[in-house]
Protein chains: 2
Amino acid sequence: MCGFDTEKKYTPTVCWKFVPSTLTTLIHFDDIQDAARRIAPIAKRTPVMTSRSFDVQAGLTAFFKCENFQTGGAFKIRGAANTIYSIPEADRPRGVVAYSSGNHAQAVAIAAGSIGVPATLVMPKDAPQSKVEGARARNPRIVFYDRFTEDRVAITQRVADETGAMIVPPFDHPKVIAGAGTLALELLTDVSDLDAIVVQIGGGGMISGCAIAAKHMNPKIRVIGVEPADANDTFLSLAAGKRVEIPPPSTIADGLRAQMPGAMTFPIVQKLVDEIVLVTDDEIRAAVKFMLLRLKIVVEPSGAVPAAAALHQKLPPGLKRVGLVVSGGNLDYEMLAGL
Amino acid sequence: MCGFDTEKKYTPTVCWKFVPSTLTTLIHFDDIQDAARRIAPIAKRTPVMTSRSFDVQAGLTAFFKCENFQTGGAFKIRGAANTIYSIPEADRPRGVVAYSSGNHAQAVAIAAGSIGVPATLVMPKDAPQSKVEGARARNPRIVFYDRFTEDRVAITQRVADETGAMIVPPFDHPKVIAGAGTLALELLTDVSDLDAIVVQIGGGGMISGCAIAAKHMNPKIRVIGVEPADANDTFLSLAAGKRVEIPPPSTIADGLRAQMPGAMTFPIVQKLVDEIVLVTDDEIRAAVKFMLLRLKIVVEPSGAVPAAAALHQKLPPGLKRVGLVVSGGNLDYEMLAGL
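Residues numbered from 1 in each chain as written. Chains lettered and ligands numbered in written order. Predicted model: local features only at pLDDT ≥ 70, side-chain atom pairs only at ≥ 80, totals over all residues. Heavy atoms only, no water.

Participant: Honestly, the overall build of chain A in this entry has me stumped. Any pointers?
Facilitator: A count of helical and extended segments in chain A gives 13 helices and 10 strands. Taking 20 Å as the expected radius of gyration for a compact globule of 339 residues, we find that chain A reaches 18 Å, a close match to that expectation. Each principal axis of the C-alpha distribution contributes one length, and for chain A these read about 55 × 50 × 35 Å. Relative to its 339 residues, chain A shows a buried fraction of 60%. Residue pairs in contact within chain A that sit at least 24 positions apart in sequence constitute 73% of those at least 6 positions apart. Of the roughly 12,700 Å² of accessible surface on chain A, a fraction of 53% belongs to carbon and sulfur atoms. Where the 36 positive side-chain charges of chain A centre and where its 34 negative ones centre are 4 Å apart. (Helix = DSSP H or I, 4+ residues; strand = E, 2+ residues; numbered from the N terminus. Rg over C-alpha atoms; globule rule 2.2 N^0.38 Å. Buried < 20%, exposed > 50% of the residue type's maximum accessible area, 1.4 Å probe, protein only. Contact = heavy atoms within 4.5 Å. Areas by Shrake-Rupley, 256 points an atom, 1.4 Å probe, with all protein chains shown as cover. Lys, Arg positive; Asp, Glu negative; His and termini not counted. Charge placed at Lys NZ, Arg CZ, Asp CG, Glu CD.)

Participant: I keep staring at the relation of the copies chain B and chain A and nothing clicks. Help me out?
Facilitator: Relating one copy of the chain to the other takes a rotation about an axis and a shift parallel to that axis. Relative to chain A, chain B is turned by 180° and slid 0.0 Å along the rotation axis, the superposed coordinates differing by an RMSD of 0.0 Å. Here the symmetry operator amounts to a two-fold rotation axis. In this assembly the copies share their binding face: 100% of the residues contributing to the interface of chain B also contribute to that of chain A. (Least-squares fit on C-alpha atoms with pLDDT ≥ 70 in both.)

Participant: Would you take a moment to explain the packing of helix H8 (residues 205–217) of chain B against helix H10 (residues 265–272) of chain B for this structure?
Facilitator: To describe two helices that pack against each other, one gives the angle between their axes and the distance between the axes. Residue and element names in this part refer to chain B. Close contact between H8 and H10 brings their axes to 9 Å; oriented N to C, the two are set at 45°. Classed by the angle they form, the pair H8 and H10 counts as oblique. With respect to the hand of their crossing, H8 and H10 are arranged in left-handed fashion. Residues Gly 205, Ile 207, Ser 208, Ala 211, Ile 212 and Lys 215 of H8 pack against Thr 265, Ile 268, Val 269 and Leu 272 of H10. Counted by class, the contact of H8 with H10 contains 6 nonpolar, 3 polar and 1 charged residues. (Axes fitted to C-alpha atoms, helices over the stretch in contact; angles between N-to-C directions. Parallel < 35°, antiparallel > 145°, perpendicular 65-115°, else oblique. Left-handed = near helix turned anticlockwise from the far one by under 90°. Nonpolar A, V, L, I, M, F, W, Y, C, P; charged D, E, K, R; others polar.)

Participant: Is there a simple way to think about the environment of B:Phe148 in this case?
Facilitator: All names here are of chain B. Here Phe 148 shows up in the loop between strand E5 (141–145) and helix H6 (152–163). Note on Phe 148: relative accessible area 53%, which makes it exposed. When the C-alpha positions of Phe 148 and Pro 124 are compared, they lie 9.3 Å apart, and in sequence the two are 24 residues distant. Sequence-distant contacts of Phe 148, defined by excluding residues within four places in its chain, comprise Asp 126 and Pro 248.

Participant: Quick question: what am I supposed to make of the pattern of salt bridges here?
Facilitator: When their charged atoms lie close together, side chains carrying opposite charge are able to pair. All names here are of chain A. As enumerated under the stated definition, the model contains 24 salt bridges over all chains in all. Among the salt bridges present, the one from Lys 65 reaches Glu 186, with a minimum N-O distance of 2.6 Å. In this pair, Lys 65 is assigned in strand E2 (residues 61–66) and Glu 186 in helix H7 (residues 174–190), connecting sequence segments 121 residues apart. Lys 65 gets classed as buried once you look at its relative accessible area, which sits at 0%. (Salt bridge = Lys/Arg side-chain N within 4 Å of Asp/Glu carboxyl O.)

Participant: Any chance you could explain the domain arrangement of chain A here in plain terms?
Facilitator: As a measure of interface size, the accessible area lost when the parts come together is often cited. Residue and element names in this part refer to chain A. Per the domain assignment, the segments making up chain A are domain 1 (20–74 + 173–338) and domain 2 (77–167). Computed from C-alpha coordinates alone, the two centres of domain 1 and domain 2 are separated by 23 Å. Taken together, the contact pairs 32 residues of domain 1 with 21 residues of domain 2. Contact between domain 1 and domain 2 buries roughly 2,100 Å² in total, counting both sides, with carbon and sulfur atoms accounting for 54%. Where domain 1 packs against domain 2, one counts 2 salt bridges. Residue Glu 67 pairs with Arg 78 through a salt bridge whose shortest N-O separation is 2.7 Å. Run the count over domain 1 and domain 2 and you get 9 residue pairs in polar contact (both at pLDDT 80 or more). Of all the secondary-structure elements, those providing two or more residues to the side of domain 1 that touches domain 2 are helix H1 (29–39) and H7. (Domains from an automatic or database assignment. Buried area = accessible area lost by both parts, 1.4 Å probe. Polar contact = N/O pair within 3.5 Å; in protein donor to acceptor, adjacent residues only side chain to side chain.)

Participant: I tried to follow the packing of aromatic side chains on my own but got confused; where do I start?
Facilitator: Each pair of aromatic rings is reported with the distance of its centres and the angle of its planes. Residues and elements named next belong to chain A. Tallied over the full model, the rule gives 4 aromatic pairs over all chains. Here the aromatic rings of Phe 54 and Phe 290 are separated by 5.8 Å at their centres, their planes lie at 80°, and the arrangement is edge-to-face. Taken together, the residues Phe 54 in helix H2 (residues 52–58) and Phe 290 in helix H11 (residues 281–293) connect sequence positions 236 residues apart. Neither residue differs from the other here; Phe 54 and Phe 290 are each classed as buried. One aromatic cluster is present, built from ring pairs that chain together Phe 54, Phe 64 and Phe 290. (Phe/Tyr/Trp six-rings, centres within 6.5 Å; stacked < 30°, edge-to-face > 60°.)

Participant: I tried to follow the sheet that holds strand E3 (residues 96–99) of chain B on my own but got confused; where do I start?
Facilitator: The strands that make up a sheet pair up through hydrogen bonds in the backbone, lying either parallel or antiparallel. All names here are of chain B. The 4 strands lie next to each other as E5-E4-E3-E6, forming an open sheet whose pairing is parallel. The strands lining the two open edges of the sheet, one partner per strand, are E5 and strand E6 (166–167). Two strands pair when backbone bridges link them, and E3 and E6 are joined in this way by 2 bridges, in the parallel orientation. Paired with Val 96 across the two strands is Met 166, which belongs to E6. Each of E3 and strand E4 (119–124) is contacted by helix H4 (residues 103–114), which is oriented at about 170° to E4, the strand it contacts most. Against the sheet, helix H5 (residues 129–136) contacts E4 and E5, and its axis sits at roughly 170° relative to E4. (Pairing = 2+ DSSP bridges.)

Participant: Is there a simple way to think about the interface of chain B and chain A in this case?
Facilitator: Listed as interface residues are 22 residues of chain B and, on the opposing side, 22 residues of chain A. In total, about 1,800 Å² of surface goes out of reach between chain B and chain A, with carbon and sulfur atoms giving 60% of it. The three residues of chain B that bury the most area against chain A are B:Arg52, B:Lys296 and B:Tyr333, which together make up 37% of that side's buried surface. At the boundary of chain B and chain A, one finds 0 salt bridges. Taken together, the connections running from chain B to chain A amount to 8 residue pairs in polar contact (both at pLDDT 80 or more). Secondary-structure elements contributing two or more residues to the side of chain B that touches chain A are helix H11 (281–293) and helix H13 (333–338) of chain B. Here the element with the most residues in the side of chain B that touches chain A is H11(B); it accounts for 3 residues.

See the structure below:
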């Protein structure tokens with residue numbers, strides 16, 4: 001039985017196990033290496049930060065993979081560029097279309113713009129202002145929708161049907177997954193002997209790519225996923241052994257509000273992710289504040305989720321050297337003031 | 001005649017010149033190399049950041065020396081540790097005493113604490129809360145004073161007389177200057193072919209140390225100082241050819257509120273600094289915001305002063321590759337919300 005209680009310090013939530021013999025996925029380590037080469041012109045090799053004060057409070061040695069310093073302010077450029085740069089020359093004029101709460105939209109706009117591909121973005125009306133502005137700066141066409149009443153996938157499909165544009169999904173696509181995996185490739189290249197890599201889960205694209213890279217480079221590493229307590233679709237799906245859909249989450253971590261794991265990402269998560277832990281919005285807020293005031297870096301709530309798990313001792317005991325993904329830094333001005 | 005107008009884009013303010021033949025100072029490049037070795041156990045080799053969006057707005061290629069990530073959140077640990085670690089073993093039990101608006105106090109507390117030397121801090125009553133808290137965490141004795149009615153130097157001297165403690169001045173001391181110079185040593189080692197290094201001026205300790213290191217490593221480099229418009233004691237002193245005292249400044253850049261250049265730093269500034277530019281508090285605020293929202297780093301107003309000069313085109317024209325010192329990141333929570 002997989003219970004969880006976000007108040008408890010650490011709740012074992014291991015209901016599945018990494019079984020190397022059953023490992024078969026569509027995406028291989030080679031694809032991640034190819035992605036790294038493909039995206040090099042636009043994606044930064046982001047720095048890895050450390051913090052003594054964080055380590056003291058978390059009781060471990062943390063290595064922050066700082067994707068908040070990435071082009072577009074988030075890791076999303078990795079998957080978007082890997083996908084868009086792979087489009088054959090002849091198909092590029094038809095353009096691309098993407099739906100996203102913001103960081104993916106911004107990344108698609110940047111990657112498409114960098115090689116002259118027209119982009120249409122389908123964004124929720126309540127997306128953070130900073131993300132809308134960030135996307136708009138690249139002059140894409142933007143179509144807004146209501147997150148609670150409209151179906152973004154249907155809207156995106158309609159745009160694709162009308163224009164012939166290629167859909168760049170936010171996570172459930174081999175090129176997007178392989179692109180995201182490049183961040184783990186860099187982290188494990190830069191930092192040796194990690195006991196675990198801790199990755200936030202929205203639709204599961206980033207943790208899938210990171211798990212493939214990390215388990216290939218170090219089969220003993222533990223891959224730990226973290227979800228906001230009310231965006232626990234992957235947690236529930238793993239417990240159920242199949243993809244479960246949840247109501248639209250309201251967590252402060254707006255990038256992790258996926259309602260269901262991806263059809264492609266879920267089997268990868270089932271096979272490669274060792275455990276999932278959940279964090280509350282208060283814990284996420286505390287982590288954002290800690291990183292702002294002590295590490296002196298701006299991290300958006302979605303980006304602070306692994307740090308929140310570490311700071312509040314939600315990670316499994318016994319971990320010493322831990323890689324924590326800081327997925328983005330697009331913190332709204334209003335949210336900053338609100339903290 | 002040395003006029004200035006903070007509204008104008010760039011006002012030439014060169015009233016003195018670097019004359020290598022007259023260069024004689026008490027502090028040499030060797031002292032800075034010695035300092036680098038001495039402080040290595042406690043000071044971080046901070047990263048150098050770049051930002052495409054900053055470069056576009058500033059019209060140059062900026063290299064930010066990120067001392068906001070330094071131990072204690074500011075460059076001050078370099079000078080404090082170099083001074084305190086140089087105290088002979090036998091004299092250490094008598095302790096140290098320092099006056100400071102905050103970052104220096106915090107650095108003295110950290111450096112003294114790291115080798116078991118007792119520390120007394122003389123801090124202004126209106127020092128930012130984050131700096132007082134940061135200092136307090138190291139358990140020093142703290143003596144508060146009123147910046148507008150009391151003489152901090154006299155208070156510090158009284159403590160020294162009563163306890164036998166050694167005074168660690170915030171800037172006017174060879175070890176403090178040499179310690180600060182290590183940041184330029186690192187920057188010029190990490191980034192080649194800089195046209196200029198831009199350094200904020202409080203009492204002039206940092207720019208003195210940086211100028212000695214930079215001019216030694218690259219005699220052609222320009223050293224540009226930046227002061228807040230109402231804390232222009234060095235600007236006025238250079239124009240007058242002697243140290244001039246100004247009334248207590250009220251600039252938002254609380255670390256740069258010195259009223260007069262140091263007796264030791266001023267001759268170094270006269271000889272090695274090529275020009276001084278002034279920035280308004282609004283320009284400083286805009287730079288803090290830009291770095292928060294675009295670079296995703298937390299910089300305190302004093303730390304953003306060189307960036308403010310670059311962003312608002314106050315630097316001399318023709319500079320291409322420019323090192324900008326980000327001296328600290330101890331931004332108050334209240335100030336953060338206020339922005």
